[in-house]
Amino acid sequence: MTVISSAQDPGALSLTVVAEFDAGVERVWQIWEDPRQLERWWGPPTWPATFEKHDFVPGGEATYYMTGPEGEKARGWWRFVSLEAPHRLVFDDGFADDDGEPVAEMGTIHGVVTLEDLGGRTRMSVVSTFETQKQMEKIVAMGMEEGMKGALGQVDALLVEPARA
Amino acid sequence: MVVDQLSEEAADRVFQALADATRRDIVRRVTASESSVSGLAERYAMSFAAVQKHVAVLERATLVTKQKRGREQIVRANHDGLQRVRRLLDDYENIWRQRSDRIADLLAEGTPPAPGSDSTGD
């Protein structure tokens, strides 16, 4: 099980998810640092993400879009509030309009990512705090389609031997 | 989407109601146990009327209910309302579970080679 624990705080509209990975912290940091790796996991297979800009420095910005099953695009932006490689990443995540301009009334999702060295393995905790319901519903709406496909994908994963050699 | 979603307006009320620290605190308290408005008012450095206003906002957002009992107004958590917020958090949690699985898959590919930590030897 990749995710080892999670905690919800409905009153504060926040969620904490803790996962452990079979890789060192430096390696796990790369999945945030390298946009080509990031876009392989950020969006679900039905809504893959493409990062057009990824200025991975404190105060830097990223812009991305997610492409839906009908070819529709949902645009977003990040701002890296602070980066302490390879242990801590704080960023704001917001929605953008078709021109890539931030949509202020949607608010931002504040994310705090912590990577902890477990001696070759890594514990990653992600705390997400929402501001408005719209952002939550929009993200969840995109994630829900994945919910069903994801379940099927897990069956596939069981059938495919994770051959490493 | 076959999700029992709040109307946008109703959901806005929920989130606006929870955007205030005092109101979140009231929700936490009455989730633990019911309380009268005057009982709540004793706990905050604000007037009875101000607390009553906060309770009214929470009531409109369907997060709490208020009932008269004798001369008291009893505030209770509205579990249906809170349940909807939890459901959204559940869905979002699911998204992160799937992301974590994709990260694990990506890391299992071993690209680029992680120095030292393991030896796939190919």
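Bear in mind the structure is a predicted one, so any value in this text is a computation, not a measurement.

Colleague: Would you mind going over the pattern of salt bridges in detail, with residue names and values included?
Modeller: Applying the stated criterion across every chain, the model contains 14 salt bridges over all chains. Because the salt bridges share partners, they merge into one network encompassing A:Glu20, A:Asp22, A:Glu116, A:Arg121 and A:Arg123.

Colleague: With reference to specific residues and values, describe the sheet that holds strand 3 (residues 49-54) of chain A.
Modeller: With respect to topology, 8 strands assemble into an open sheet ordered 1-2-8-7-6-5-4-3 (chain A), the strand pairing being antiparallel. With partners counted over all chains shown, the strands left at the sheet margins are strand 1 (3-9) and strand 3 of chain A, one partner each. Adjacent strand axes in the sheet meet at a mean angle of 20° when their direction is disregarded. Taken together, the 9 bridges between strand 5 (residues 73-84) of chain A and strand 6 (residues 88-96) of chain A define a ladder with antiparallel strand orientation. Residue pairing in the sheet places A:Ser82 in a bridge with A:Val90 of strand 6 of chain A. Packed onto the sheet, helix 1 (residues 25-33) of chain A meets strand 2 (14-21), strand 3, strand 5, strand 6, strand 7 (108-117) and strand 8 (122-129) of chain A and runs at close to 160° relative to strand 7 of chain A. This element, helix 5 (residues 79-108) of chain B, spans strand 1, strand 2, strand 7 and strand 8 of chain A of the sheet and lies at about 20° to strand 2 of chain A.

Colleague: Summarise the packing of aromatic side chains; cite the residues concerned and give the values.
Modeller: Within the structure shown, the criterion is met by 18 aromatic pairs over all chains. On the basis of an interplanar angle of 80° and a centroid distance of 5.0 Å, the ring pair of A:Trp32 and A:Trp41 is categorised as edge-to-face. Looking at A:Trp32, the relative accessible area reads 0%, which means it is buried. An aromatic cluster is built from A:Trp29, A:Trp32, A:Trp41, A:Trp42, A:Phe51, A:Phe56, A:Tyr64, A:Trp78, A:Phe80, A:Phe91 and B:Trp96, whose rings are joined through pairwise contacts. Seen from the ring of A:Trp42, B:Arg99 lies directly overhead, with NZ or CZ sitting 3.6 Å from the centre.

Colleague: Please set out the environment of A:Arg75 residue by residue, giving values where relevant.
Modeller: Residue and element names in this part refer to chain A. Within the secondary structure, Arg75 is located in strand 5. Owing to a relative accessible area of 18%, Arg75 belongs among the buried residues under this scheme. Here the alpha-carbon distance between Arg75 and Pro102, two residues 27 residues apart in the chain, equals 8.9 Å. The residues touching Arg75, leaving out its near neighbours within four places in the chain, are Glu52, Tyr64, Tyr65, Gly94, Phe95, Ala96, Asp97, Asp98 and Gly100. In terms of polar contacts, Arg75 uses its side chain to reach the backbone carbonyl oxygen of Asp98, at 3.2 Å.

Colleague: Can you break down the sheet that holds strand 2 (residues 64-69) of chain B residue by residue, with the values?
Modeller: Residue and element names in this part refer to chain B. If you walk across this open sheet you meet the 3 strands as 1-3-2, and the pairing is antiparallel. What marks the edges here is a single partner per strand, and that holds for strand 1 (35-36) and strand 2. Where strand 1 meets strand 3 (residues 72-77), 2 bridges bridge the pair, whose relative direction is antiparallel. Looking at strand 3, one finds that Ser35 is bridged to Val75. Each of strand 1, strand 2 and strand 3 touches helix 2 (residues 21-32); the most contacted strand, strand 3, lies at about 90° to it.

Colleague: So what's going on with unusual backbone geometry? Which residues, and what values?
Modeller: Put simply, A:Ala85 and A:Pro86 share a cis peptide bond, and its omega is -10°. Along the chain, A:Pro86 falls in the loop between strand 5 and strand 6. Its identity as a non-glycine residue notwithstanding, B:Thr62 has a phi of 60°, on the positive side. Note on placement: B:Thr62 falls in the loop between helix 4 (48-60) and strand 2. By relative accessible area, B:Thr62 is classed as partly exposed at 29%.

Colleague: Run through helix 5 of chain B, naming residues and quoting values.
Modeller: An ideal rise of 1.5 Å per residue puts 44 Å on 30 residues; helix 5 of chain B measures up with 42 Å between its terminal C-alpha atoms. Following helix 5 of chain B by one or two positions, B:Gly110 adopts a phi angle in the positive range, close to 70°.

Colleague: Explain the pairing of strand 6 of chain A residue by residue, including any values.
Modeller: In terms of burial, strand 6 of chain A is largely enclosed, as 8 of its 9 residues are buried. Counted along the chain from strand 5 of chain A to the antiparallel partner strand 6 of chain A, the turn is 3 residues long.

Colleague: Describe the nonpolar core, naming the residues involved and giving the relevant values.
Modeller: For soluble globular proteins, the rule of thumb is that nonpolar side chains tend to be buried together. One finds A:Trp32, A:Trp41, A:Trp42, A:Trp78, A:Leu89, A:Met124 and B:Trp96 to be the most contacted residues of the largest nonpolar core, which totals 67 residues. Considering every element that reaches this core, the biggest residue donor is helix 5 of chain B, with 10 residues. Ignoring anything within four residues of it in the chain, the contact list for A:Trp42 reads A:Trp32, A:Ala49, A:Phe51, A:Tyr64, A:Met66, A:Trp78, A:Phe91, A:Asp93, B:Trp96, B:Arg99 and B:Arg102.

The rules behind the values
- Note on numbering: residues in each chain are counted from 1, in written sequence order.
- Chain A is the first chain written and ligand 1 is the first ligand written, with later ones labelled in order.
- The model is predicted, so local features are restricted to residues of pLDDT at least 70 and side-chain atom pairs to those at 80 or more, both for listing and for counting; the totals for chains, interfaces and linings are taken over all residues.
- Working from all heavy atoms in the structure, the side-chain values ignore hydrogens and water.
- Only one rule defines a salt bridge in this text: a Lys or Arg side-chain nitrogen within 4 Å of an Asp or Glu carboxyl oxygen.
- By definition, two strands form a pair when at least two bridges between them are found by DSSP.
- Only DSSP runs of H or I with at least four residues qualify as helices, and only runs of E with at least two residues qualify as strands; both kinds are numbered from the N terminus onward.
- Geometry is summarised by axes, namely lines fitted to C-alpha atoms with helices restricted to the contacting stretch, and by angles between N-to-C directions that run from 0 to 180 degrees.
- Whether two residues touch is decided by their heavy atoms; if any such pair falls within 4.5 Å, the residues are in contact.
- Stacked, tilted and edge-to-face are the three classes assigned to paired rings of Phe, Tyr and Trp, where Trp is represented by its six-membered ring and a pair needs centres within 6.5 Å; plane angles under 30 degrees give stacked, over 60 edge-to-face, the rest tilted.
- When a residue's accessible area, from a 1.4 Å probe over protein chains only, is under 20% of the maximum for its type it is buried; when over 50% it is exposed; and in between it is partly exposed.
- Here, a charge over a ring is recorded when the distance from Lys NZ or Arg CZ to the ring centre is within 6 Å and its angle to the ring normal is within 35 degrees.
- Whenever a nitrogen or oxygen atom comes within 3.5 Å of another N or O atom, the pair is scored as a polar contact, on the condition that within protein one atom can donate a hydrogen and the other can accept it, and that pairs from neighbouring residues in sequence are kept only if both atoms are in side chains.
- A helix's residues, less one, multiplied by 1.5 Å, set its expected span.
- The term nonpolar core refers to a set of buried residues drawn from Ala, Val, Leu, Ile, Met, Phe, Trp, Tyr and Cys, joined through side-chain atoms within 4.5 Å.

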